[in-house]
Each structure stands twice: as structure tokens, then as C-alpha cells.
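Fold and contact review
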Amino acid sequence: MNSDLRRDTVRLGNLLSIAEQVQAFALSRKTGEIYITNVPAPARINLVEGEIVDAQFGLRSGLEAAIALINLRDPQTEFIVGERPKRQTISMPYLQILCEAARVKDEQTGEETTDTQPIRISPTNPYLRVTLGTEIKTFPIRPGLAYIGRAANNEIVIVDPTISQRHASIEYSRNGVFLKDIGSTNGTYVAGQQIKERWLSVQDSIQFGGVHCLFIGGLKK
């Protein structure tokens, strides 16, 4: 990377996982390169108007590289604004890529963890990470029943016009975390599929109306 590019570089460190960065940049339709600085180069994910179009990680490229980087442990990153790739190796929607990365992470849970392998996320202390534009909010999921919606009397308040006053419920019990749509106008989606009710698993992607979220922990027994 030359010095001209570095003038337009945002240093993100390890504040967000790569999956969370992809979500934030996708929702704001950013074009640029997520560059991982604490592993041997090349290690990058390129986005054009919010969609992942290319990735490279060592000898791996395309979707395989993107999934490996998304599941990378403790990444240190920079975002190079406006950097475009020389080729397109990925045509899958970003949300589908995140779901595939989560599936790979689940399959590899229990295997030896290295800097190039996904780590196991504890099933305890679940929380919901909500992306609103470039802002990310975190809501802990506590034992019992909680309601999600736009109204202030909900336990999880998401202020967005696509969210119903009382949109969904989420219940944390000894059996896991159970999500239920309660007649919302714009629907509730898990991994891109509209649902009425569903048990949640580690790193499920959720959408309430037009708001994208990531569920962490609370693996169903």
C-alpha cells in the first residue's frame, strides 16, 4: 500500500470483529478494503458499495479467504477508504457470506484454535449486537422474557421506523434462547429467512424490519 492510500485509512484496531465491520460497511454501502495488520500479508477483504467482491488470505482467495478472515481470532484492522480490487472473485451477498462463516465456525468448534481458525464463543451471557447506520449497540440477553420494539417500554428498544412498537420477544431459559415475532409489520428474519419463532444459535444473523443484528452466545442445548 502506498502513502496516498494510507492518508485515507481508518485504523480500527480490534474494537470490532471482522463480521461486525462487514455489517457496518455493508449497511452504509461503503467501498474500500478491510486490511488485517497482525497476520502475514496478504490478508484483506474488499467491498464495493457494501458488498464483498474479493478477498485474499495467504494462498487462499475468494469466498474461502473471506470466511477464514471473518472467523479470524483477535484481528487488528484498518479500513482503506475507496480502495477497489483489481478483480471480482465473490458474487454472494454479504449476509449470506456471514451466515456461511458462522456455519463453518460451528462445524470447527472443538478443534484446536489457531490465529487462522475460528474461536469458540461461549454459550453463556448471550447478547444482541444491533447495527443502526454506522452505530452499533449491544443489548445483553438476561434470563426470562424480554420484548423488542420501537416503544420505550420494551426491554430492548430499537428506534427505527421499520420496527414495530412491539416487534418481537426473546426468552432466555435453561434450554437456550427463543425468538418469536409477535405480529410485526415488517417481519423478523434469521439467516435471511422470515420466521415466526425459532431457537437461536451462536452468531445467528437477525433482521427486525430493516435493522440488522448479530446474536452472540446462548447456544441451544
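Scroll up a little and you will see the structure.
First things first, this report covers the structure right here in the doc. (Residues numbered from 1 in each chain as written. Predicted model: local features only at pLDDT ≥ 70, side-chain atom pairs only at ≥ 80, totals over all residues. Heavy atoms only, no water.)

The linkage connecting Ala41 with the following residue, Pro42, adopts the cis geometry, with an omega of 0°. Position of Pro42 among the secondary structure elements: in the loop between strand 2 (32-36) and strand 3 (43-48). Within the chain, Arg29 stands out as a residue other than glycine whose phi angle is a positive 55°. Structurally, Arg29 can be placed in the loop between helix 2 (18-27) and strand 2. Positioned with a positive phi, Glu49 is a non-glycine residue whose angle comes to about 50°. (Helix = DSSP H or I, 4+ residues; strand = E, 2+ residues; numbered from the N terminus.)

A word on the sheet that holds strand 9 (residues 144-149). Sheet strands pair by backbone hydrogen bonding; their relative direction is either parallel or antiparallel. Strand order in this open sheet of five strands is 10-9-11-12-15, and the pairing throughout is mixed. Only two strands of the sheet have a single neighbouring strand rather than two, namely strand 10 (156-157) and strand 15 (197-199). Examined bridge by bridge, strand 9 and strand 10 share two bridges and lie parallel to one another. Paired with Ile148 across the two strands is Ile156, which belongs to strand 10. (Pairing = 2+ DSSP bridges.)

With that out of the way, let us pick up the nonpolar core. Membership of the largest hydrophobic core comes to 29 residues, with the highest contact counts inside it found for Ile34, Ile36, Ile45, Ile52, Phe57, Leu69 and Ile70. Mapped by element, the contributors of at least two residues to this core are helix 2, strand 2, strand 3, strand 4 (51-57), helix 3 (62-70) and helix 4 (94-108). Not counting residues up to four positions away in its chain, the partners in contact with Ile34 are Gln21, Val22, Phe25, Ala43, Arg44, Ile45, Leu47, Thr77, Glu78 and Phe79. Core analysis: the next-biggest nonpolar cluster, separate from the first, contains 22 residues, Tyr172, Leu200, Phe208 and Cys213 among them. (Core = buried A, V, L, I, M, F, W, Y, C linked by side-chain atoms within 4.5 Å. Buried < 20%, exposed > 50% of the residue type's maximum accessible area, 1.4 Å probe, protein only. Contact = heavy atoms within 4.5 Å.)

This paragraph deals with the pairing of strand 2. Across the five residues of strand 2, five count as buried, placing the element largely inside the fold. Of the two faces of strand 2, the one holding Gly32, Ile34 and Ile36 and the one holding Glu33 and Tyr35 are both buried throughout. Pairing between strand 2 and strand 3: four bridges, direction antiparallel. Bridging from a neighbouring strand, Gly32 pairs with Leu47 of strand 3. Counting the residues between successive antiparallel strands, the hairpin from strand 2 to strand 3 contains six residues.

We now examine the environment of Phe79. Note that Phe79 resides in strand 6 (residues 77-81). By relative accessible area, which is 3% here, Phe79 ends up buried. For the pair Phe79 and Arg11, spaced 68 residues apart in sequence, the C-alpha to C-alpha distance is 6.4 Å.

Let us look at the packing of aromatic side chains. For the structure shown, the criterion picks out two aromatic pairs. Stacked on the ring of Tyr147, the Lys or Arg Arg166 has its end atom at 4.0 Å from the ring centre. (Phe/Tyr/Trp six-rings, centres within 6.5 Å; stacked < 30°, edge-to-face > 60°. Lys NZ or Arg CZ within 6 Å of the ring centre and 35° of its normal.)

For the coordinates displayed, the defined rule picks out five salt bridges. One salt bridge connects Arg129 with Glu20, and the closest N-O pair in it is separated by 2.4 Å. You can see Arg129 sitting in strand 7 (residues 127-132) and its partner Glu20 sitting in helix 2, a full 109 residues away along the chain. Exposure class is identical for Arg129 and Glu20. Each is buried. The partner of Arg87 in a salt bridge is Asp54, with the nearest N and O atoms 3.9 Å apart. Linking Arg87 in the loop between strand 6 and helix 4 with Asp54 in strand 4, this pair joins segments that are 33 residues apart in sequence. Asp54 gets classed as buried once you look at its relative accessible area, which sits at 1%. Through salt bridges with shared partners, a single network forms among Arg44, Asp54 and Arg87. (Salt bridge = Lys/Arg side-chain N within 4 Å of Asp/Glu carboxyl O.)

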